[in-house]
Amino acid sequence: MATENALIEEAKKARENAVAPFSKFKVGAALRTPSGKVYHGCNVENCTYGLTVCAERVALLTALAAGERSFDAIAVVTQSDEPSTPCGPCRQLMWEFCGDIDVTLANLTGQRVDYKLSTLFPKPFYFSLES
Ligand code: THU
């Protein structure tokens, strides 16, 4: 099974495929299942801007489309002064499909920070209808 450091390396590899001609901000994500399988994601921008998809969501949707339903860790790598944290919509989606997973954020200069998703996203949206 990939260790957290190995997961960061996977996220770096994923980042190499980022499609970020507009922001120039390349993001890579590596999402790990309990069996140790790793799914890559990178951000994909397009000329409407609004249809941009984040690296975290690409990794998650790729894994879900492959039939995975259980996840235990994600690493996200950016080229920023400090490791940058996932956007709100990605936090919501990760919470719904991954639960309280380990989130490791890193930059290219070797800084890293580890969170549980519940720390980054303490009040997720959910609904239940009145019966
Ligand atoms: N981005 C991600 O890939 N993940 C995030 O959590 C936040 C932002 C991407 C979207 C866009 O391509 C670029 O970073 C700048 O916002």
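Data block above holds the structure.
What counts and what doesn't
- Here, residues in each chain are numbered from 1, in the same order as that chain's written sequence.
- Only residues with pLDDT of 70 or above have their local features reported here, since the model is predicted, and side-chain atom pairs are shown and tallied only from 80 upward, although totals for entire chains, interfaces and linings are computed over all residues.
- Excluded from the side-chain calculations are hydrogens and water; all other atoms, namely the structure's heavy atoms, are used.
- Only DSSP runs of H or I covering at least 4 residues are called helices, and only runs of E covering at least 2 are called strands; the numbering of each starts at the N terminus.
- Only protein chains enter the accessibility calculation, which uses a 1.4 Å probe. A residue is then buried if its area is under 20% of the maximum for its type, exposed if over 50%, and partly exposed in between.
- Computed by Shrake-Rupley with a 1.4 Å probe, the accessible areas treat only the displayed protein chains as cover when residues are assessed.
- For the charge count, each Lys or Arg is scored as positive and each Asp or Glu as negative, with His and the chain ends excluded.
- Taken as the charge centre is NZ of Lys, CZ of Arg, CG of Asp or CD of Glu, depending on the residue.
- If DSSP finds at least two bridges between two strands, the strands pair.
- The term salt bridge refers to a pairing of a side-chain nitrogen on Lys or Arg with a carboxyl oxygen on Asp or Glu at a separation within 4 Å.
- Proximity is defined per residue: any heavy atom of the residue falling within 4 Å of a molecule or strand makes that residue near it.
- Counted as a polar contact is a pair of N or O atoms within 3.5 Å, where, for protein atoms, one must be capable of donating a hydrogen and the other of accepting one, and residues adjacent in sequence contribute only when both atoms are in side chains.
- Of the grid points, spaced at 1 Å and generated over the protein atoms alone, those admitting a 1.4 Å probe that cannot get out make up cavities, while open sets with protein on both sides within 12 Å along at least five of seven lines make up pockets; any residue with an atom within 4 Å of a point is treated as lining.
- Each molecule is checked against the cavity or pocket grid, and it sits inside if more than half of its atoms lie within 2 Å of the grid points.
- By definition, residues are in contact when any of their heavy atoms lie within 4.5 Å.
- Seen with the strands pointing away from the viewer, any crossover whose path from the first strand over the helix to the second strand runs clockwise is right-handed.

Looking only at helices and strands, the protein chain features 4 helices and 5 strands. The secondary structure elements of the protein chain, listed N-terminal to C-terminal, are α-β-β-α-β-α-β-β-α. Along the longest, intermediate and shortest principal axes, the C-alpha atoms of the protein chain span 50 × 40 × 30 Å. Residues counted as buried form 40% of the 131 residues belonging to the protein chain. Accessible area of the protein chain: about 7300 Å², with a carbon and sulfur share of 55%. Charged side chains in the protein chain number 13 positive and 15 negative. The centres of these two groups are separated by 4 Å.

Look at lysine 24: it is not a glycine, yet its phi comes out positive at around 65°. When its relative accessible area of 64% is taken as the criterion, lysine 24 is described as exposed.

Our next topic: the pairing of strand β5 (residues 112-116). As defined by bridge partners, strand β4 (residues 102-107) adjoins β5 across 5 bridges and the pair is classed as antiparallel. Paired with leucine 105 across the strands is valine 113, a residue of β5. In sequence, β4 turns back onto β5 through a hairpin of 4 residues, with glycine 110 there showing a positive phi of about 95°.

What follows concerns the pattern of salt bridges. Applying the stated criterion to the full structure yields 6 salt bridges. Between arginine 32 and glutamate 4 there is a salt bridge, with its nearest N and O atoms 3.5 Å apart. Placement of the pair is arginine 32 in strand β1 (residues 27-32) and glutamate 4 in helix α1 (residues 4-15), with a sequence separation of 28 residues. Under the relative-accessibility criterion, glutamate 4 is labelled partly exposed at 22%. When the shortest N-O distance is used, the salt bridge between lysine 12 and glutamate 9 registers 3.2 Å. Residue lysine 12 and its partner glutamate 9 are both found in helix α1; the two are separated by 3 residues, about one turn of the helix. On the basis of relative accessible area, lysine 12 is assigned to the partly exposed category, the value being 26%.

Let us now look at the site of the ligand. The full set of residues close to the ligand is Ser23, Phe25, Val27, Asn43, Glu45, Thr52, Cys54, Ala55, Glu56, Pro86 and Cys87. Glutamate 45 places a polar side-chain atom, nitrogen or oxygen, 2.5 Å from an oxygen atom of the ligand. One of the side-chain N or O atoms of glutamate 56 is found 2.8 Å from an oxygen atom in the ligand. When each cavity is represented as a set of grid points, the ligand is found to reside in the largest pocket.

Locating cysteine 90 in the fold gives a position in helix α3 (residues 88-98). Separated by 37 residues in sequence, cysteine 90 and valine 53 place their C-alpha atoms 9.6 Å apart. With near-sequence residues (within four places) excluded, cysteine 90 lies in contact with Cys54, Glu56 and Arg57.

Moving on to the pairing of β4. Burial of β4 is extensive: 5 of the 6 residues sit out of reach of the surface. Of the pairings in the sheet, the one linking strand β3 (residues 73-78) to β4 comprises 6 bridges and is parallel in character. Opposite valine 77, over in β4, you have alanine 106 as the bridge partner. Taken together, β3, α3 and β4 constitute a β-α-β crossover, and its handedness is right-handed.

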